[in-house]
Amino acid sequence: GAGVSQTPSNKVTEKGKYVELRCDPISGHTALYWYRQSLGQGPEFLIYFQGTGAADDSGLPNDRFFAVRPEGSVSTLKIQRTERGDSAVYLCASSRLAASGELFFGEGSRLTVL
Amino acid sequence: AQKITQTQPGMFVQEKEAVTLDCTYDTSDQSYGLFWYKQPSSGEMIFLIYQGSYDEQNATEGRYSLNFQKARKSANLVISASQLGDSAMYFCAMRPNTGNQFYFGTGTSLTVIP
């Protein structure tokens, strides 16, 4: 497809489990972002990739969160030992250039930790 | 520190009327970009309009215009001739040109009344 694709669209898991969320950006977009959106809030920055490397991971809340983008395209956000407070919509966005241009968002992955 | 403030949690507008959604921002950066995004109930964030901090003219995109007042650090979105499909959450965002993060406000829920 032409847009940013995120899978799964919904994920329900139990506290303590491991979760992976996948993002497939728009072809040719070198910049990729992960954001987290809690109910009633705006998106909160987690991590930014330029190509394969994480150029800015200052938004990751703790070491349970990790993200990779091994080939500079698809990215996976990994959450270990999930907690109920991790429940949110995880948004992925891509951009053609790092220094300019708007973000193109996927529809998000809704994570619910029971 | 970067901060985006949207003081209107909810707004109502009559169909075909114009509406202004408020946004103020706080940044020490001299060069930055301002963005507005629409988030319908489907969850996907849709880019609406962009204003650069050095742009002298207010940005316009169809029925959307951005009322940019740099001295007041204000970037209000004006939607003219509202349509029922405009009902959604609207987020103001800023990206300093020295960095890569986009900072989002908490959003305004707009409801268009027939």
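Throughout what follows, the structure given in this document is the object of discussion. Everything numeric here is computed off the predicted structure, so don't read it as measured data.

Right, let's talk about the environment of phenylalanine 65 of chain A for a bit. Residue and element names in this part refer to chain A. Structurally, the position occupied by phenylalanine 65 is in strand E7 (residues 65-68). Taking the C-alpha atoms as reference points, phenylalanine 65 and glycine 16, separated by 49 residues in sequence, lie 13 Å from one another. The residues touching phenylalanine 65, leaving out its near neighbours within four places in the chain, are Arg36, Leu60, Lys78, Ile79, Asp86 and Tyr90.

Residue and element names in this part refer to chain B. Tracing the sequence through the fold places glutamine 51 in strand E6 (residues 46-52). Of the residues examined, glutamine 51 reaches a relative accessible area of 0% and is grouped as buried. Side-chain polar atoms of glutamine 51 contact the backbone oxygen of glutamine 57, separated by 3.0 Å. Among the polar contacts listed, one links the side chain of glutamine 51 to the backbone nitrogen of alanine 59, at a separation of 2.8 Å. In this view, glutamine 51 contacts Tyr32, Gly33, Leu34, Gln57, Asn58, Ala59, Leu66 and Phe68; residues no more than four positions away in its chain are not counted.

With that out of the way, let us pick up the pattern of salt bridges. One pass over the structure, following the stated rule, counts five salt bridges over all chains. Notably, a salt bridge pairs glutamate 44 of chain A with arginine 36 of chain A, separated by 3.6 Å at the nearest N-O pair. Across the salt bridge formed by arginine 63 of chain B and aspartate 86 of chain B, the nearest N and O atoms sit 2.8 Å from each other. Of this pair, arginine 63 of chain B sits in the loop between strand E7 (60-61) and strand E8 (64-69) while aspartate 86 of chain B sits in the loop between strand E9 (74-79) and strand E10 (88-96); the two residues are 23 residues apart in sequence, bridging distant segments of the chain. The partly exposed category is assigned to arginine 63 of chain B, whose relative accessible area is 23%. Judged by its relative accessible area of 2%, aspartate 86 of chain B falls in the buried class. One salt-bridge network, in which partners are shared between bridges, spans Arg64, Glu83 and Asp86 of chain A.

Now for the interface of chain A and chain B. Each partner contributes to the interface: chain A provides 21 residues, whereas chain B provides 16 residues. Between chain A and chain B, roughly 1,600 Å² of surface is buried when both sides are summed, and carbon and sulfur atoms account for 53% of that area. Of all residues in chain A, the largest losses of buried area upon contact with chain B belong to Glu102, Phe105 and Glu107 of chain A, amounting jointly to 30% of the total for that side. Applying the counting criterion to the chain A and chain B interface returns zero salt bridges. The interface formed by chain A and chain B includes five residue pairs in polar contact (both at pLDDT 80 or more).

Attention shifts here to the state of the cysteines. Disulfide: a covalent bond connecting the sulfur atoms of a pair of cysteines. All names here are of chain B. Using the criterion set out here, one finds two disulfides over all chains in the structure. Cysteine 23 shares a disulfide with cysteine 92; S-S distance 2.0 Å. Taking the sign of the S-S torsion, about -65° here, the bridge from cysteine 23 to cysteine 92 comes out left-handed. With a gap of 69 residues between them, cysteine 23 in the loop between strand E3 (19-21) and strand E4 (24-26) and cysteine 92 in strand E10 connect regions that are remote in the sequence.

Calculation rules
Residues numbered from 1 in each chain as written. Chains lettered and ligands numbered in written order. Predicted model: local features only at pLDDT ≥ 70, side-chain atom pairs only at ≥ 80, totals over all residues. Heavy atoms only, no water. Helix = DSSP H or I, 4+ residues; strand = E, 2+ residues; numbered from the N terminus. Contact = heavy atoms within 4.5 Å. Buried < 20%, exposed > 50% of the residue type's maximum accessible area, 1.4 Å probe, protein only. Polar contact = N/O pair within 3.5 Å; in protein donor to acceptor, adjacent residues only side chain to side chain. Salt bridge = Lys/Arg side-chain N within 4 Å of Asp/Glu carboxyl O. Buried area = accessible area lost by both parts, 1.4 Å probe. Disulfide = S-S within 2.5 Å.

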